[in-house]
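# Secondary and tertiary structure notes
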Amino acid sequence: MIDPELLNYDFDEEKNGFAAPQAAVDSPALSSKEAMGRALLALGSMGIVLQVTVGIFLGSWLGILLSYGLLAAGAILIFLGRFQGTHPGIKHDGTMFRDIQNRGVLGWMLGMAITAFYVVLYFYDDLQNSWDMPPLLERPTKMLNPLAQLLSKGDANRWFLYGFLYTVAVCVFGFRMLLKYRHNKYQRFRTLSVMFFQFGFAFLLPNLLKAFHQPEFYFTYFWPLKYEYLFPNRIDTLKSSGAIGTFMVFWGLLATFVLTPILTWRFGKRWYCSWVCGCGGLAETLGDPWRQQSSNGQRSWKIEHWTIHTILILITVLTVGLWFDLGSWTASYKKSYGFFVGAIFSGVIGVGFYPLLGSRVWCRFGCPMAAILGILQRTWSKFRITTNGDQCMSCGNCSTYCEMGIDVRGYAEKGLNIVRASCVGCGICAAVCPRGVLGLENGMSPSDRFDGAQSPLLALTESIAASTVIPERKTMFPGTCEPGNCQCKEEAPES
Amino acid sequence: MHVVIIGNGAAGVTAAFRIRQHQPDWQITMISGESKYHYSRPALMYIYMGHMPYQDTKPIEDHVWSDKKIELLRDWVVDIDTQGKKLKLHRRGAMDFDRLIISTGSKPNKFGWPGQDLQGVQGLWGLYDLKLLQENAARTKTAVIVGGGLIGIEMAEMLHSQGIHVIFLVREKSYWNHILPPEESALINQIIVEQGIDLRLETELKEIIDNGQGQVGGIVTTSGEEITCQLVGLTAGVSPNCDMVKETSIATKRGILVDQSLQTSAPDVWAAGDCAEIEMPEGKRNQINQVWYTAKMQGEIAGDNVAGMKRQYEPPLWYNSAKFFDLEYHTYGQVNRDLNQELNLVWQHPREPKILRIVHNRAMETIGIQSMGIRLRHRVCEKWINEKQTPGWVLEHLAEANFDPEFYQRHEDEIRSYLGKQIQ
Ligand SMILES: Cc1cc2nc3c(=O)[nH]c(=O)nc-3n(C[C@H](O)[C@H](O)[C@H](O)COP(=O)(O)OP(=O)(O)OC[C@H]3O[C@@H](n4cnc5c(N)ncnc54)[C@H](O)[C@@H]3O)c2cc1C
Ligand code: SF4
Ligand code: SF4
């Protein structure tokens with residue numbers, strides 16, 4: 001018998017938890033690649049500091065190479081050092097023990113640093129003009145002039161700087177994802193895809209367009225994420241700039257009204273959110289180390305539900321208001337939307353809070369595009385995550401690593417398919433499940449999409465009805481279902 | 001009506017929720033000494049390796065317990081009085097019950113090895129062992145794991161992830177070969193060695209040596225070899241945890257004896273999960289099931305019966321899954337190492353760690369399907385076995401059973417052409 005006297009059952013596992021175990025072994029020596037990588041990071045940072053302060057090599061190719069070039073090379077070497085030579089498989093040892101990945105001091109510092117960067121990027125120009133501040137971004141921008149000249153035949157501005165850093169982050173951390181998930185083809189293809197679209201369509205092409213005096217345009221961003229693409233004045237400017245501009249207008253309409261519904265019907269939200277979108281791309285690459293920070297409690301679910309749909313309504317009202325010229329309020333409305341949603345929410349909070357709230361803060365709580373895709377996914381897409389019979393043993397890896405904070409386990413342990421508006425189809429839950437329980441699939445009929453609803457329309461009405469009562473999914477076993485959402489079809493007991 | 005449930009594992013918790021579903025007004029008390037809330041025992045290793053915080057291994061949000069009015073009590077039951085319907089608790093003293101469910105799980109086996117009570121010798125069973133392992137690992141450079149089963153390999157992986165040198169003693173000729181057929185077993189041997197574990201096959205523990213301070217200093221094997229180590233993991237299987245029950249009037253054998261409605265020999269007392277031994281009709285062998293899903297199923301049946309329904313436990317078609325380091329394993333139906341070789345169709349990938357096995361009987365009915373490195377669909381395999389499909393039919397439809405993630409390399413054609421020849 002397990003002797004109660006022997007067991008210290010006063011141990012408070014809730015409060016004290018289980019910290020990183022120590023062993024009496026020397027921590028493994030830094031691999032030569034990692035050591036070199038760190039050295040390159042230090043040199044690269046020095047390169048930036050020297051150019052920004054003293055101005056050596058400022059605005060030359062050598063300058064770019066000795067700063068960003070070294071930083072990227074350093075990071076790549078570190079990732080190689082960490083992942084090469086390990087066995088292909090899930091690499092989450094120690095994830096919960098690292099300060100920087102768990103809102104420790106380093107995590108907070110990093111979060112604040114990224115936030116500060118966004119604040120400077122978005123707002124410093126105004127401050128500088130009105131308060132007569134030193135031109136903080138001038139030299140960092142100037143550093144990239146040779147590249148900007150090459151691509152867009154013009155000097156770099158702060159948006160070029162932003163686009164450049166963003167693309168480098170996606171590619172370098174994308175490389176990390178490729179190494180980390182090298183056993184998983186779904187992850188590899190998806191990562192290559194976001195790297196390709198970010199580099200080709202969100203960085204290279206817009207700059208080349210500029211070089212050929214065409215309007216700047218991102219073919220991978222659509223209304224309502226890139227809301228101004230359906231604003232009347234934007235459409236007018238595009239149309240007036242010739243055949244290419246007209247094609248862009250056509251593309252924007254096609255993407256929003258035809259491609260999005262069709263592709264989402266066929267593949268689910270993921271075709272965009274984790275294969276194409278730049279915001280998703282950054283979340284899946286740079287954000288990967290923090291995906292476990294997304295809260296999967298019920299409270300977050302309630303908040304998310306309200307915020308994301310509110311923003312969808314806000315942007316729809318704005319767009320309609322602009323088209324029908326509904327009054328002068330639209331101008332200030334537009335400005336506030338750009339400020340609060342476009343800058344603060346999607347940028348400052350969306351990326352700055354990666355280390356604190358997980359990698360998909362914007363996608364989960366804010367993005368109106370995700371809201372539309374979600375409604376489509378919930379109501380008429382063929383996509384769902386299927387559960388493999390009764391194999392689930394409730395370990396919770398899937399829920400922990402779901403960046404959208406979905407309680408995947410709550411479905412898996414009851415043998416239910418997962419049809420959730422917010423699921424971006426990243427496939428990480430399926431990858432980390434140690435029992436092979438979860439699978440992303442396209443291709444069932446709408447009838448099993450929403451517990452027996454026979455048509456998309458019925459599914460839609462049921463979906464709306466269900467979303468107002470908030471089904472409690474964080475329950476484990478048959479018998480714990482909420483009224484009206486019961487999965488256990490049993491006869492009544494004797495009284 | 002006051003229902004008391006001993007143990008908050010998968011069995012006890014499922015039972016509690018079932019009773020609450022049927023009987024909104026009954027008083028339900030769940031007692032466990034191990035943890036305040038129910039957590040997933042199979043996730044212990046992920047807590048230790050830092051994949052998940054303890055909180056994430058709890059399948060049920062804390063507020064649900066009070067929402068459902070299930071009272072949780074942290075205590076140990078030390079005696080049961082079935083006549084007077086009273087429990088004796090270690091801290092609180094007596095407690096009355098009207099109906100009782102015993103779901104005390106299992107306990108690790110010990111074989112009376114000399115030195116097995118030294119500091120640094122331990123098993124892996126619960127949260128308490130994780131804490132102990134942290135303390136023991138802190139002075140460990142080399143660890144010896146004894147016992148070649150599923151928990152042994154988990155423990156090896158846990159300690160290995162910390163950089164500890166792990167020596168893995170397996171009594172058999174090959175890892176887990178009393179369960180696994182030779183090909184699968186050999187593949188796992190290979191995986192273990194590739195990971196950098198020092199695998200010693202056909203090696204048994206004779207005694208554990210004291211380092212002079214009441215701690216582990218090393219071990220001696222039955223062949224007389226001495227190995228210096230600071231930690232010994234004993235994972236020689238588990239058996240039903242019913243020592244406390246044995247001292248009561250409730251009938252026990254290896255486990256707590258119950259009929260198919262999971263009722264014990266005592267009135268108003270049921271047992272479910274790892275601790276139960278189910279007597280089957282018609283001279284079939286008694287069932288002791290010690291996996292997660294059977295605990296859940298038995299909890300469901302016991303809960304329903306306690307709440308006043310009449311339900312019988314029918315063991316489902318056997319299935320299970322596991323992960324050996326990075327190698328996933330699924331098994332459905334009867335895959336028995338003793339089966340005649342000619343009744344086994346085995347395909348193995350020439351380079352990658354992948355195996356598929358189809359087992360049939362002389363009447364050419366498929367009775368088992370098993371895979372390594374390939375995910376199989378539970379419902380499909382179960383259906384085929386229940387329908388007694390021929391191996392040829394299974395090969396023909398193999399693609400329907402695949403559950404690998406998208407874009408993964410598929411092998412159905414190779415498997416079909418390789419195994420197809422063998423059944424002609
Ligand atoms: C490390 C490990 C890994 C595992 N991995 C898997 C896996 O991958 N897949 C799988 O299917 N199965 C796995 N299992 C087995 C699985 O965990 C068990 O089959 C399952 O938990 C049994 O559930 P249960 O409810 O019967 O008992 P348990 O979960 O063992 O719960 C029993 C509870 O009873 C309490 N208790 C016992 N005696 C008393 C008493 N006298 N008074 C008060 N409380 C008491 C204990 O505190 C304990 O919490 C694993 C087991 C271990 C140890
Ligand atoms: S449910 Fe799975 S696929 Fe969907 S977002 Fe979460 S982890 Fe990604
Ligand atoms: S689906 Fe897989 S990862 Fe999720 S709880 Fe179940 S076994 Fe664990």
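Quick look at the overall build of chain A now. Counting secondary structure elements, chain A contains 21 helices and two strands. Counting only residues that meet the buried cut, chain A has 55% of its 495 residues in that class. Surface accessibility of chain A: about 21500 Å² in total, with carbon and sulfur atoms responsible for 68%.

This brings us to the interface of chain A and chain B. Chain A puts 81 residues into the contact, and the matching count from chain B is 94 residues. When chain A packs against chain B, close to 7300 Å² is buried across both sides, 52% of that on carbon and sulfur atoms. For the interface between chain A and chain B, the tally reads five salt bridges. E441 of chain A is the partner of R377 of chain B in a salt bridge, and the nearest nitrogen-oxygen pair spans 3.2 Å. Linking chain A with chain B are 38 residue pairs in polar contact (both at pLDDT 80 or more), by the criterion used here. Contributions of two or more residues to the side of chain A that touches chain B are made by α1 (13-16), α8 (185-211), α18 (397-401), α20 (428-432) and β2 (438-442) of chain A.

Our focus in this paragraph is the site of ligand 3. Lining the immediate surroundings of ligand 3 are 13 residues, of which C392, C395, G396, C398 and C433 of chain A lie closest. At the level of secondary structure, the elements contributing two or more residues to the shell around ligand 3 comprise α18 and α19 (408-412) of chain A.

Take the site of ligand 2 next. With respect to spatial proximity, the complete set of residues near ligand 2 consists of I385, C402, M404, I406, V408, C423, V424, G425, C426, G427 and C429 of chain A. Its residues assigned to classes, the shell around ligand 2 comprises nine nonpolar, two polar and no charged.

A separate point is the pairing of strand β14 (residues 216-221) of chain B. Residues and elements named next belong to chain B. Most of β14 sits inside the fold, with five of its six residues counted as buried. Between strand β13 (residues 205-210) and β14, which pair antiparallel and follow one another directly, the connecting turn spans five residues, one of which, G212, has a positive phi of 100°. Both β14 and strand β15 (residues 226-228) contribute to a ladder of three bridges, which runs antiparallel. Considered in β15, the bridge of G218 is made with T228. The hairpin formed by β14 and β15 contains four residues between the paired strands, and G224 there has a positive phi angle of roughly 95°.

Residues and elements named next belong to chain A. By secondary structure assignment, the location of D288 is in the loop between α12 (278-285) and α13 (298-323). Judged by relative accessible area, D288 falls into the buried class, the value being 2%. Polar side-chain contacts of D288 include one of 2.9 Å to the side chain of R291. Once residues within four sequence positions are removed from consideration, D288 is found in contact with R176, M177, K180, Y181 and A283.

Looking now at the domain arrangement of chain B. When the parts come together, some accessible area is lost, and that loss is often what is quoted as the size of the interface. By domain assignment, chain B separates into domain 1 (2-42 + 59-107 + 239-306), domain 2 (121-236) and domain 3 (319-423). A straight line from the C-alpha centre of domain 1 of chain B to that of domain 2 of chain B covers 32 Å.

Counted according to the given criterion, the structure contains 48 aromatic pairs over all chains. Arranged with centres 5.7 Å apart and planes meeting at 45°, the rings of F160 of chain A and F203 of chain A form a pair that is tilted. Pair noted here: F160 of chain A is in helix α7 (residues 158-180) and F203 of chain A is in helix α8, with a separation of 43 residues, a long-range link. Across this residue pair, the class does not change: F160 of chain A and F203 of chain A are buried. Ring plane angle 35° and centroid distance 6.4 Å describe the contact between Y175 of chain B and W176 of chain B, whose orientation is recorded as tilted.

In this section: the sheet that holds strand β1 (residues 2-6) of chain B. Residues and elements named next belong to chain B. The five strands lie next to each other as β3-β2-β1-β7-β19, forming an open sheet whose pairing is parallel. With one partner strand each, in any of the chains shown, β3 (70-74) and β19 (269-271) form the two edges of the open sheet. On average, each strand axis in the sheet is inclined to that of its neighbour by 20°, with strand direction left out of account. The pairing of strand β7 (residues 99-102) with β19 spans three bridges and is classified as parallel. When the bridges of β19 are listed, I102 appears paired with A271. Against the sheet, helix α1 (residues 10-22) makes contact with β1, β2 (27-32), β3 and β7, and its axis sits at roughly 175° relative to β2, the strand it touches most.

Turning next to helix α9 (residues 378-386) of chain B. All names here are of chain B. Residues of α9 that are buried include every one of H378, V380, C381, E382, W384 and I385, and no others. Packing partners of the buried residues in α9 comprise β21 (319-324), β22 (327-333), β25 (366-372), α10 (391-396) and α11 (398-401). Positive phi appears at K388, one or two residues downstream of α9, with a value of about 55°.

Turning our eyes to something else, we now look at α13 of chain A. Structural remark: α-helix, 3.6 residues per turn; residues separated by three or four positions point the same way. The end-to-end C-alpha separation of α13 of chain A is 38 Å, in line with the 38 Å expected for 26 residues at 1.5 Å each. After α13 of chain A finishes, the residue D325 of chain A shows a positive phi value of roughly 50°.

Next up on the list: the packing of helix α4 (residues 105-131) of chain A against helix α14 (residues 329-352) of chain A. All names here are of chain A. Contact pair α4 / α14: the axes reach a minimum separation of 8 Å and the direction vectors enclose 150°. The orientation of α4 relative to α14 falls into the category roughly antiparallel. Considering the relative orientation of α4 and α14, their crossing is right-handed. Here G111, I114, T115, Y118, V119, Y122 and F123 of α4 lie close against α14, whose contacting residues are F339, G342, A343, I344, G347, V348, V351 and G352.

This brings us to the pattern of salt bridges. Enumeration over the complete set of coordinates arrives at 39 salt bridges over all chains. Among the salt bridges present, the one from R74 of chain B reaches E13 of chain A, with a minimum N-O distance of 3.0 Å. Of this pair, R74 of chain B sits in strand β3 while E13 of chain A sits in helix α1, each in a different chain. The buried category is assigned to E13 of chain A, whose relative accessible area is 0%. Overlapping salt bridges, with partners in common, bring together R176, K180, R190, E284, D288, R291, R360 and E403 of chain A in one network.

Conventions adopted
- Residues numbered from 1 in each chain as written.
- Chains lettered and ligands numbered in written order.
- Predicted model: local features only at pLDDT ≥ 70, side-chain atom pairs only at ≥ 80, totals over all residues.
- Heavy atoms only, no water.
- Helix = DSSP H or I, 4+ residues; strand = E, 2+ residues; numbered from the N terminus.
- Buried < 20%, exposed > 50% of the residue type's maximum accessible area, 1.4 Å probe, protein only.
- Areas by Shrake-Rupley, 256 points an atom, 1.4 Å probe, with all protein chains shown as cover.
- Contact = heavy atoms within 4.5 Å.
- Buried area = accessible area lost by both parts, 1.4 Å probe.
- Salt bridge = Lys/Arg side-chain N within 4 Å of Asp/Glu carboxyl O.
- Polar contact = N/O pair within 3.5 Å; in protein donor to acceptor, adjacent residues only side chain to side chain.
- Near = heavy atom within 4 Å.
- Nonpolar A, V, L, I, M, F, W, Y, C, P; charged D, E, K, R; others polar.
- Pairing = 2+ DSSP bridges.
- Domains from an automatic or database assignment.
- Phe/Tyr/Trp six-rings, centres within 6.5 Å; stacked < 30°, edge-to-face > 60°.
- Axes fitted to C-alpha atoms, helices over the stretch in contact; angles between N-to-C directions.
- Expected span 1.5 Å × (residues − 1).
- Parallel < 35°, antiparallel > 145°, perpendicular 65-115°, else oblique.
- Left-handed = near helix turned anticlockwise from the far one by under 90°.

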